[in-house]
Number of protein chains: 2
Amino acid sequence: MDVTLTAGRNWTDPACPVARTVDLVGDRWSLLIIRDAMDGAATFTEFLERLQIARNILTDRLRRLVDHGILDRSATGGRRHTYQLTEAGKDLFTTVVALRQWGERHAFAPHETHSVLVDPQGRPVPVLRIRGEDGSPITADTSHVRRAT
Amino acid sequence: MDVTLTAGRNWTDPACPVARTVDLVGDRWSLLIIRDAMDGAATFTEFLERLQIARNILTDRLRRLVDHGILDRSATGGRRHTYQLTEAGKDLFTTVVALRQWGERHAFAPHETHSVLVDPQGRPVPVLRIRGEDGSPITADTSHVRRAT
DNA sequence: TCATTGAGTTGCATTTTGAAACTCTTGGAG
DNA sequence: CTCCAAGAGTTTCAAAATGCAACTCAATGA
């Protein structure tokens, strides 16, 4: 992201990377826009149809995501535009997968069906796990945050 | 989470696990409350002080998270309570780490310092990567969503 | 017993959302 | 060339969520 955008900003908690990310994409719509962009959506109308979002809100969120360097907007004649994920945007893939996998585990009743993320060969993507350099599992209890110096 | 909670709910997109998760924790405060719970916060006042959140909003978010089975509330005499992450809540660790690592990479200017997540030995937690069963890296471009059947 | 602290309510102002109607531009169909 | 439809927004206004300050209420504990 552009340095000038991080510099003058009013962060909820300036030293915490979690808080900064939440400030940038932590609302109901931004993450779903990013999800759909990863799934191939690229124009205003495509997002509009997939999300059932109000037009003015979509306008606002797209602009915000472009401003934050997550989406790239290119004109394709007239008012027509194409929105593409930037490298930073694509890098949110891990986050989206983490949200997805948690939802699969905890937001569906046993009998409810849900969509599944698969690799190019059609095999389900394995569950993300956090491990130390030596491969040992790390949890919220066994890790801790070292404050910025 | 309690099945009765998933059943009658008004989801933004009922078949999508990402959307369900975002419906449950995708607002500015919930994820930061969860972050602080993972960092040891347990009482109303502790959350209040760490987050600089309005009291009524904190009340609402804590109640919501308890209702969604992410936090557990236990009385400790009078109006005093302790909030603890449930198993589902602890399982959001992966998501919080993903948000944190994205923020570290994209929401800080090169010269800015930020806190670091470390394992019990004090070593930084490695970057989360999504890999197929065979260990090959998977990105937004190489994966896709198989719709619910 | 009486002030203090934790954990909320309540009332009101400010912001953000959402829905619907309106605008502007441009690539075609005729 | 003219007119129309489609894409991509604005604008307007009502409804909901947020934020702040002041107020309540129960249990310590000096």
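From a predicted model like this one, the values you see are computed outputs, not experimental measurements.

### Overview of the side chain of Asp27 of chain A
Mapping Asp27 of chain A onto the fold places it in the loop between helix 2 (17-25) and helix 3 (28-38). A relative accessible area of 18% places Asp27 of chain A in the buried class. Once you skip the residues sitting within four places of it in the chain, Asp27 of chain A turns out to touch Arg61 of chain A together with Val22 and Gly26 of chain B.

### What about the protein's contact with DNA strand D?
Every one of the 20 residues lining DNA strand D counts as a neighbour, but Arg73, Arg79 and Tyr83 of chain A together with Asn56 and Arg61 of chain B are closest to it. Per the 4 Å cut-off to the protein, sugar and phosphate atoms form 61% of the nearby atoms of DNA strand D. Here Thr45 of chain A contributes a side-chain N or O atom positioned 2.9 Å from a phosphate oxygen of DNA strand D. Going through the elements one at a time, helix 4 (44-51), helix 5 (55-67) and strand 2 (81-85) of chain A together with helix 5 (55-67) of chain B are the ones with two or more residues in the surface near DNA strand D.

### Section: the pattern of salt bridges
A full pass over the atoms with the stated rule returns 25 salt bridges over all chains. Between Arg20 of chain A and Glu112 of chain B there is a salt bridge whose closest N-O contact spans 2.9 Å. Residue Arg20 of chain A is found in helix 2, and its partner Glu112 of chain B is found in the loop between helix 7 (93-106) and strand 3 (116-118); the two belong to separate chains. We note a salt bridge from Asp134 of chain A to Arg123 of chain B, for which the minimum N-O separation is 3.4 Å. With Asp134 of chain A in the loop between strand 3 (116-118) and strand 4 (144-146) and Arg123 of chain B in the loop between strand 3 and strand 4 (144-146), this residue pair bridges two chains.

Cut-offs and rules
- Residues numbered from 1 in each chain as written.
- Chains lettered and ligands numbered in written order.
- Predicted model: local features only at pLDDT ≥ 70, side-chain atom pairs only at ≥ 80, totals over all residues.
- Heavy atoms only, no water.
- Helix = DSSP H or I, 4+ residues; strand = E, 2+ residues; numbered from the N terminus.
- Buried < 20%, exposed > 50% of the residue type's maximum accessible area, 1.4 Å probe, protein only.
- Contact = heavy atoms within 4.5 Å.
- Near = heavy atom within 4 Å.
- Polar contact = N/O pair within 3.5 Å; in protein donor to acceptor, adjacent residues only side chain to side chain.
- Salt bridge = Lys/Arg side-chain N within 4 Å of Asp/Glu carboxyl O.

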